[in-house]
Amino acid sequence: VSVLLVFLAIYAVYQYFSGWDVLRGRALDDLLTRYHATGFQDLHLTFAGMIGLAMPVAAVLYSDKVLKSSVLVLSGAVSVTTAMARTIMLGLIGCGALFLFLGSRKLRIAGLLLIAAMIILPNGIFNASGERLKRGLKISEAPVEQQGDPTRIYLWKSALNIISHYPWLGVGEGNWLPAFECYGVAYDNYSTTAGAHNDFLNSMVENGIPGGAILIALWIAIV
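Given the structure is predicted, the values throughout are model-derived calculations rather than measurements. Each chain has its residues counted from 1, running along the sequence as written. The predicted origin of the model limits local features to residues at a pLDDT of at least 70 and limits the giving and counting of side-chain atom pairs to 80 or more, whereas totals for whole chains, interfaces and linings rest on all residues. The side-chain values count all of the structure's non-hydrogen atoms but skip hydrogen atoms and water molecules.

1. A few points about the overall build of the chain
(1) Moving on: Here a strand is any run of E in DSSP of at least two residues, a helix any run of H or I of at least four, and the numbering for each starts at the N terminus. When helices and strands are counted, the chain shows nine helices and four strands.
(2) Moving on: In terms of C-alpha radius of gyration, the chain reaches 19 Å, essentially the compact-globule figure of 17 Å for 223 residues.
(3) Moving on: Across the 223 residues in the chain, those meeting the buried criterion constitute 38%.
(4) Moving on: In what follows, a contact means two residues having at least one pair of non-hydrogen atoms within 4.5 Å. By sequence separation, contacts in the chain at least 24 residues apart represent 60% of the contacts at least 6 residues apart.
(5) Moving on: Accessible surface for the chain amounts to roughly 12100 Å². Of this, 65% is attributable to carbon and sulfur atoms.
(6) Moving on: If the 15 positive side-chain charges of the chain are averaged to one point and the 14 negative ones to another, these points end up 13 Å apart. Just to be clear, the radius of gyration here is over C-alpha atoms, and the globule rule we use is 2.2 Å times residues to the power 0.38. With a 1.4 Å probe rolled over the protein chains alone, any residue whose accessible area is under 20% of its type maximum counts as buried; one over 50% counts as exposed, and the rest are partly exposed. For every accessible area listed, the method is Shrake-Rupley and the probe measures 1.4 Å; residues are considered covered only by the protein chains on display. His is not counted, nor are the chain ends; Lys and Arg add positive charge and Asp and Glu add negative charge. Charge coordinates come from a single atom per side chain, which is NZ of Lys, CZ of Arg, CG of Asp or CD of Glu.

2. With respect to the side chain of S203
(1) Moving on: Tracing the backbone shows S203 in helix α9 (residues 199–222).
(2) Moving on: For S203, a relative accessible area of 10% corresponds to the buried category.

3. Topic: unusual backbone geometry
(1) Moving on: With phi around 70 degrees, T33 is a residue other than glycine that occupies positive phi space.
(2) Moving on: Turning to its location among the elements, T33 is positioned in the loop between β3 (30–31) and β4 (34–35).
(3) Moving on: Located in the positive-phi region is M84, a residue other than glycine, with phi close to 60 degrees.
(4) Moving on: Note on placement: M84 falls in the loop between α3 (66–83) and α4 (86–102).

4. Observations concerning the nonpolar core
(1) Moving on: What makes a nonpolar core is a set of buried Ala, Val, Leu, Ile, Met, Phe, Trp, Tyr and Cys residues whose side-chain atoms join them at distances within 4.5 Å. The biggest cluster of nonpolar side chains holds 33 residues, and the ones touching the most others in it are F47, I51, M55 and L114.
(2) Moving on: Counting only elements with at least two residues in this core, the list comes to α1 (2–18), α2 (44–61), α3, α4, α5 (105–120) and α6 (127–137).
(3) Moving on: Residues in contact with M55, not counting those within four places in the same chain, are L5, L72, V73, G76, L92 and L114.

5. Re a nonpolar patch on the surface
(1) Moving on: The patches reported here contain residues having more than 30% relative accessible area and no salt bridge. Joining distances are 9 Å for like charges and 5 Å for nonpolar side chains (Val, Leu, Ile, Met, Phe, Trp, Tyr). Basic side-chain nitrogens of Lys or Arg form a salt bridge, by our definition, when they fall within 4 Å of a carboxyl oxygen of Asp or Glu. Together, L53, F200, I216, L218, W219, I220, I222 and V223 make up a nonpolar patch on the protein surface, roughly 800 Å² of accessible area in all.
(2) Moving on: The element contributing the most residues to the nonpolar patch is α9, with six residues.
(3) Moving on: On the secondary structure map, I220 appears in helix α9.
(4) Moving on: Judged by its relative accessible area of 61%, I220 falls in the exposed class.

6. Description of the packing of aromatic side chains
(1) Moving on: Here the aromatic set is Phe, Tyr and Trp, taking the six-membered ring for Trp, and pairing holds for ring centres within 6.5 Å; pairs whose planes are under 30 degrees apart are stacked, those over 60 apart are edge-to-face, and all others are tilted. Per the counting criterion, the structure on display carries eleven aromatic pairs.
(2) Moving on: When the centroid spacing of 5.7 Å and the interplanar angle of 45 degrees are considered together, the rings of Y11 and F40 count as tilted. Of the two residues, Y11 sits in helix α1 while F40 sits in the loop between β4 and α2, which places them 29 residues apart along the sequence.
(3) Moving on: Among the residues examined, Y11 registers a relative accessible area of 13% and is labelled buried.
(4) Moving on: Through successive ring pairs, a cluster of aromatic residues spans Y154, W176, F180, Y187 and Y190.

7. Focus on α4
(1) Moving on: Expected span of a helix: the number of residues minus one, times 1.5 Å. Taking 1.5 Å of rise per residue, 17 residues should cover 24 Å, and α4 covers 24 Å from first to last C-alpha, within 8% of that figure.
(2) Moving on: Every buried residue of α4 is accounted for by M89, L92, C95, G96 and F99. Projection of α4 onto a plane perpendicular to its axis shows the buried side chains occupying an angular sector of 105 degrees, all on one side. Of the exposed residues in α4, the ones pointing more than 90 degrees away from its buried face are F101 and L102.
(3) Moving on: Of the surrounding elements, those touching the buried residues of α4 are α2, α3, α5 and α6. Note that the arc is defined by the directions from the helix axis to the C-beta atoms.

8. Observations concerning the environment of L160
(1) Moving on: Checked against the element boundaries, L160 lands in helix α7 (residues 151–165).
(2) Moving on: Since its relative accessible area comes to 52%, L160 is described here as exposed.
(3) Moving on: Put simply, L160 and V185 are 25 residues apart on the chain and 9.9 Å apart in space, counted from C-alpha to C-alpha.

9. A few points about α6
(1) Moving on: When α6 is considered as a whole, its buried residues turn out to be A128, S129, G130, R132, L133 and R135.
(2) Moving on: Of the surrounding elements, those touching the buried residues of α6 are α1, β3, β4, α3 and α4.
(3) Moving on: Just past α6, the residue K138 takes up positive phi, approximately 60 degrees.

See the structure below:
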């Protein structure tokens, strides 16, 4: 995984600037004259999520070797930035803070580097990613109508509405869409309705409050 992270970062940079998925022979989704890198995955969010999980573990395993952990941290930062995945970009800043405050002396160096990378990269060579993040946070200089997307808020409200109708057993695995059709909150500009856009809420929708509680307990144990 550690070796692959480096190659993935290189390939992701190629995708970000070229807009081409070599493995699948197709064009990538574009935004602001740049492209959502997908690495070896089928979707940029899947790619960024995989990196967001794998990189911190790999960096910790090599925390006693500053150079190796730094290379891994930079590879993960580059990959996530080229994927333009806003939540994972913010998540890596949080990861850097965990390294900084809870890690060993050498791991703190990696934490500082990760935070710096996630600030510098989106405002430098990968500025399309930075602009996407700013628009999501509504701090961009772009026109107001191009900023923000309340889709998640309405999806979360819809999820809570579904949970209120099926609190204990949920609607079952893979049944978000039919449940959303019945109990989804009306909104004319959904950018997606494929899920609750929140793993914990999605788990509660499908498996009830007990299922969601188990997932939350699992994450607490991991952290």
